[in-house]
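A look at the structure
Here's the letter readout for the chains.
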Amino acid sequence: MKQVRPKKNLGQHFLTDLTIARRIADTVDEPYADLPVLEVGPGMGVMTQYLVEKPRPVKVVEIDRESVAYLKNTLFKDSAISPQSSAIIEGDFLRMELKDVFGGQQFVLTGNYPYDISSQIFFKVIDNRDLIPCCTGMIQHEVALRMASKPGTKAYGILSVLIQAWYDVEYLFMVDETVFNPPPKVKSAVIRMTRNQTDHLDCDEQLFKRVVKTVFNQRRKMLRVSLRQLLPAIGHQPSIISNHPFMTMRPEQLSIEQFVELTNMVEEELRKEG
């Protein structure tokens with residue numbers, strides 16, 4: 001069967017290096033080797049072929065009809081692959097109801113994620129964190145750095161805080177652009193996210209997101225300036241928050257625990273203003 005043509009509108013860059021494909025497939029083995037696996041965007045199955053070798057159920061979700069047809073006529077046509085343990089889901093991962101994929105069972109997510117929707121994918125993972133205790137895969141190198149970065153670094157930002165509130169992030173290895181068809185203009189990297197011990201944040205979680213996004217959207221400014229979008233009264237009248245040491249800091253200096261503390265202070269101020 002003829003090869004699938006990479007489609008620019010779908011952000012497709014097919015991995016061609018089998019050694020790297022196996023290395024990425026192996027990232028799902030720890031620490032949840034007994035859970036089923038869902039692969040996003042398998043393309044022509046270069047990584048899928050190694051996933052289905054593992055003694056665990058594997059499903060793939062693919063939005064490209066040409067790729068789905070290719071998989072049905074090649075990798076998933078092999079009688080050695082049990083139809084009970086493997087399945088192709090034709091559709092958009094971002095629109096899927098994830099609790100239906102494995103009947104409500106937890107699973108590991110992996111894939112060679114399209115660069116232009118990788119952040120949306122990870123935000124969906126966060127929203128489904130009770131279903132996805134581990135997420136691995138390949139993304140743009142710079143996004144991987146942001147996800148894994150710590151407070152006080154230039155790469156630390158919205159993605160860092162919102163993901164690390166719920167997951168421990170490992171930057172595993174870099175992948176050169178020459179091992180793709182077509183080659184992307186940037187380098188890639190493989191990451192692994194493992195669910196941490198946090199069951200819930202000690203604050204309003206929706207307000208937490210709002211605070212994080214608000215202050216990082218003006219990351220070069222001190223918090224007393226960036227928070228005025230949420231609290232216009234800051235600096236105009238005495239309050240606990242306006243005199244707090246956080247107000248002279250910039251967002252990249254705050255840990256997740258400090259963002260939780262800040263969120264609670266913002267909530268208290270909003271309550272007073274309301």
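Heads up: the structure comes first, above all this text.
Here is a short report on the structure shown in this document. Just so it is clear, the structure is predicted and the values come from calculations on it, not from any experiment.

**Concerning the nonpolar core**
The nonpolar side chains of a soluble globular protein tend to be buried with one another. Within the largest apolar cluster, 58 residues are counted, with the highest numbers of intra-cluster contacts made by Leu109, Met147, Met193, Phe208, Leu227, Phe259 and Leu262. Once residues within four sequence positions are removed from consideration, Met193 is found in contact with Phe122, Val125, Pro133, Cys134, Cys135, Met147, Ile163, Tyr167, Asp168 and Val169. Grouped together as the second largest cluster of nonpolar side chains are 26 residues, Val28, Leu51, Phe76 and Cys134 included.

**A look at the pattern of salt bridges**
Scanning the model with the defined rule gives 18 salt bridges in all. One salt bridge in this structure joins Lys187 and Glu177, with 3.0 Å as the shortest N-O distance. In this pair, Lys187 is assigned in the loop between β8 (180-181) and β9 (188-195) and Glu177 in the loop between β7 (167-175) and β8, connecting sequence segments 10 residues apart. We classify Lys187 as partly exposed; its relative accessible area is 29%. Counted as one network, the salt bridges with shared partners bring together Asp26, Asp29, Lys54 and Arg56.

**Let's talk about unusual backbone geometry**
Backbone phi values are negative for most residues with the exception of glycine, while trans is the configuration of most peptide bonds. Geometrically, the link from Glu30 to Pro31 is a cis peptide bond, its omega value of 0° lying close to zero. With respect to the helices and strands, Pro31 occurs in the loop between α1 (18-26) and β2 (37-40). The residue after Asn181, namely Pro182, is reached through a cis peptide bond having omega -10°. With respect to the helices, strands and loops of the structure, Pro182 is situated in the loop between β8 and β9.

**Things to note about the state of the cysteines**
According to the stated counting rule, one finds 0 disulfides in the structure shown. Cys135 takes part in no disulfide bond, and the closest cysteine sulfur, belonging to Cys134, lies 7.3 Å away.

**As for the pairing of strand β3 (residues 58-62)**
With 4 of 5 residues buried, β3 is to be regarded as a mostly interior element. Two elements, β2 and β3, share 4 bridges in a ladder whose sense is parallel. Across the sheet, the residue bridging to Val40 is Val61, located in β3.

**Here's the deal with the packing of helix α7 (residues 205-216) against helix α9 (residues 256-273)**
For the pair α7 and α9, interaxial distance at closest approach is 9 Å and the crossing angle is 105°. On the basis of the axis angle, α7 is roughly perpendicular to α9. Contacts between α7 and α9 pair Leu207, Phe208, Val211, Val212, Val215 and Phe216 from the former with Ile256, Phe259, Val260, Leu262, Thr263, Val266, Glu267 and Leu270 from the latter.

Conventions adopted
Residues numbered from 1 in each chain as written. Predicted model: local features only at pLDDT ≥ 70, side-chain atom pairs only at ≥ 80, totals over all residues. Heavy atoms only, no water. Core = buried A, V, L, I, M, F, W, Y, C linked by side-chain atoms within 4.5 Å. Buried < 20%, exposed > 50% of the residue type's maximum accessible area, 1.4 Å probe, protein only. Contact = heavy atoms within 4.5 Å. Salt bridge = Lys/Arg side-chain N within 4 Å of Asp/Glu carboxyl O. Helix = DSSP H or I, 4+ residues; strand = E, 2+ residues; numbered from the N terminus. Disulfide = S-S within 2.5 Å. Pairing = 2+ DSSP bridges. Axes fitted to C-alpha atoms, helices over the stretch in contact; angles between N-to-C directions. Parallel < 35°, antiparallel > 145°, perpendicular 65-115°, else oblique.

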